[in-house]
Amino acid sequence: MLPIFYSIGLLIILPASFIISLWKAPFKSKLEWLLDSLVTTALIVWLFQAGNWSWVGYYVRFLWLILLIVTFIFSWKKIRNLPFTIKYSLNQKFSIGIYILLILVFGTYNALVVKSYSVAEKGIELSFPLKNGTYYVGQGGNQVAMNYHQAHPGQKYALDILKLNTIGTRANGLYPEELNKYQIFEDNLYSPCNGKVVNVKNDLPDFPPPKSDSENPEGNHVTLSCENDDATTILLAHMQKGSIVVAKNEKVTTGHKLGKVGNSGNTSEPHLHIHAEKDGRGVPITFNDRFLVRNSLVW
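Here we summarise the structure given alongside this text. The numbers attached to residues start from 1 for each chain and follow its sequence in the written order. The predicted nature of this model means local features are confined to residues of pLDDT at least 70 and side-chain atom pairs, given and counted, to a pLDDT of 80 or more, with totals for whole chains, interfaces and linings taken over all residues. Side-chain metrics in this entry use all non-hydrogen atoms of the structure; hydrogen atoms and water are not considered.

A word on empty space enclosed by the protein. Grid points spaced at 1 Å over the protein atoms alone were grouped into cavities, where a 1.4 Å probe fits but cannot get out, and pockets, open sets with protein on both sides within 12 Å along at least five of seven lines, with lining residues defined by an atom within 4 Å of a point. Grid points are joined across faces, edges and corners, and a volume is the space filled by probe spheres set on the points. Across all of its chains, the model carries one cavity of 30 Å³ or more by this definition. Its boundaries defined by the atoms lining it, the largest cavity holds a volume of some 40 Å³. For this scheme, ten residues count as nonpolar: Ala, Val, Leu, Ile, Met, Phe, Trp, Tyr, Cys and Pro. Four count as charged, namely Asp, Glu, Lys and Arg, and the remainder, Gly too, count as polar. Split by residue class, the lining of the largest cavity holds six nonpolar, one polar and one charged.

If you want it as structure tokens, here you go:
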């Protein structure tokens, strides 16, 4: 249950407390208001980009931006006649120091997020392997701040992909044990390229969240070698037991059905894990020349 409380705290309670503070705080000078505004903006911009919004609703992130703008307008009306600076007490100077520290911290977070959107390495162009839905990137990008796979050389640039319902969440419920309550569970998976099947695993069980199989991290999976770059292999992991319809050494074309999304292996909930690997190192993936990062949507 920890991810639930963490997500609610980080994406709902934390920005709400900062916005309420900006709205209600008894500022004595415009400088204090400006610093508080910068801290709140840096926090919300960071969460807007780096938060995993599939837990509480993808569209909630836009609500915080609207509330931030409204708060700016009304709080400015309250302080616009104040002096820019005053003679500050020791406690006020301490508060100003905390503001500056938080601006530096959240500013650094935002700088890391910005770096996550681009990559200098040559990648591989693939066709998106899912159809008929709104798909959400839960992990993706070129920085650990947006994609924890970046800490593992063989999985660099890997993507974890979920599916959203009409209200922008990835499941019916916060963290249900029933697999069929996850939007992506049993979605068909299709080959992202023309190529050959290198490896298949099809007999591992699908566990109800939060159970997982750490001894078989990929779970049921298909590994492909693509025609346009046969030195690079593509792994599609966490597939449903018994759903895989291709065999080792079989040739496939783009759009060829491979199987279904499941919840096998070392996974916290149903999703598609996909990464490209060459000589033991991850390779960037693009879809329609688009490098996906956390909070990217694919229709």
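With that settled, the discussion passes to helix 2 (residues 30-50). The helix and strand labels rest on DSSP assignments: H or I over at least four residues marks a helix, E over at least two residues marks a strand, and numbering proceeds from the N terminus. The span one expects for a helix is its residue count, reduced by one, times 1.5 Å. Helix length check: helix 2 (21 residues) gives 30 Å between terminal C-alpha atoms against 30 Å at 1.5 Å per residue, within 8%. Only protein chains enter the accessibility calculation, which uses a 1.4 Å probe; a residue whose area is less than 20% of its type maximum is buried, one above 50% is exposed, and one in between is partly exposed. With 16 of 21 residues buried, helix 2 lies mostly within the body of the structure.

Each reported salt bridge corresponds to a side-chain nitrogen of Lys or Arg within 4 Å of a carboxyl oxygen of Asp or Glu. Going through the model one piece at a time under the given rule, you end up with five salt bridges. Among the salt bridges present, the one from aspartate 203 reaches lysine 201, with a minimum N-O distance of 3.3 Å. Here aspartate 203 falls in the partly exposed class, since its relative accessible area comes to 47%. Residue class for lysine 201 comes out partly exposed when judged on its relative accessible area of 32%.

When a strand is regular, its side chains alternate between the sheet's two faces. Pairing of strand 5 (residues 195-201) with strand 8 (residues 251-252) involves two bridges; the strand directions are antiparallel. By the bridge assignment, lysine 196 is partnered in strand 8 with lysine 251. Here the rule is simple: two strands pair whenever DSSP picks up at least two bridges between them.

Before going further, it helps to spend a moment on the state of the cysteines. A pair of sulfur atoms, both from cysteines and within 2.5 Å, is called a disulfide here. Scanning the model with the defined rule gives one disulfide in all. Bridging cysteine 193 to cysteine 226, the disulfide has an S-S length of 1.9 Å. Here the S-S torsion is close to -75°, and the disulfide linking cysteine 193 with cysteine 226 is therefore left-handed. Linking cysteine 193 in the loop between strand 4 (188-190) and strand 5 with cysteine 226 in strand 6 (residues 220-226), this pair joins segments that are 33 residues apart in sequence. Of the two residues examined, cysteine 193 and cysteine 226, each falls in the buried class.

The omega angle of the peptide bond from proline 209 to proline 210 is 5°, so this bond is cis rather than trans. Unlike most non-glycine residues, aspartate 279 shows phi in positive territory, near 55°. With respect to the secondary-structure elements, aspartate 279 resides in the loop between strand 10 (272-278) and strand 11 (281-283).

This part takes up the layout of surface pockets. Within this model, the largest pocket holds a volume of roughly 940 Å³. The wall of the largest pocket is formed by 38 residues, among which Asn52, Gln139, Tyr148, Asp160 and Ser268 lie closest to the centre. Residue assignment for the lining of the largest pocket shows that the elements contributing at least two residues are helix 1 (2-24), helix 2, helix 4 (90-115), strand 2 (134-139), strand 3 (159-164), strand 7 (229-239) and strand 10. It is helix 1 that provides the largest number of residues to the lining of the largest pocket, a total of five residues. Grouping the constituent residues of the lining of the largest pocket by class yields 17 nonpolar, 16 polar and five charged.

Relative to the assigned elements, valine 197 resides in strand 5. Residue classification places valine 197 among the buried residues on the basis of a relative accessible area of 0%. As a C-alpha pair, valine 197 and arginine 61 span 136 residues in sequence and 40 Å in three-dimensional space.

Bringing a nonpolar patch on the surface into the picture now. Every patch collects residues that have over 30% relative accessible area and no salt bridge, joining them within 9 Å if they carry like charges and within 5 Å if they are nonpolar side chains (Val, Leu, Ile, Met, Phe, Trp, Tyr). To be clear on the numbers: accessible area is Shrake-Rupley with a 1.4 Å probe, and residue cover counts the displayed protein chains and nothing else. A surface patch of nonpolar side chains, about 380 Å² in accessible area, is lined by Trp23, Ile69, Ile73 and Phe74. Top element by residues in the nonpolar patch is helix 3 (residues 60-79). It accounts for three residues. One can find isoleucine 73 in helix 3. A residue is classified by how much of its surface remains accessible, and isoleucine 73, at 44% relative accessible area, is partly exposed.

The angle between the axes and the distance between the axes are what describe a pair of packed helices. One can describe the packing of helix 2 onto helix 3 by two numbers: an axis separation of 10 Å at closest approach and a directional angle of 175°. By the criterion of interaxial angle, the relationship of helix 2 to helix 3 is roughly antiparallel. Residue-level contacts link Lys30, Trp33, Ser37, Thr40, Thr41, Ile44, Phe48 and Gln49 of helix 2 to Arg61, Phe62, Trp64, Leu65, Leu68, Phe72, Ser75, Trp76 and Ile79 of helix 3. Split by residue class, the contact of helix 2 with helix 3 holds ten nonpolar, five polar and two charged. Note on geometry: axes are lines fitted to C-alpha atoms, helical ones only across the stretch in contact, with angles between N-to-C directions running from 0 to 180 degrees. We call two directions roughly parallel when the angle between them is under 35 degrees, roughly antiparallel when it is over 145, roughly perpendicular when it lies between 65 and 115, and oblique otherwise. Throughout, a contact is declared for two residues whenever any of their heavy atoms are within 4.5 Å.

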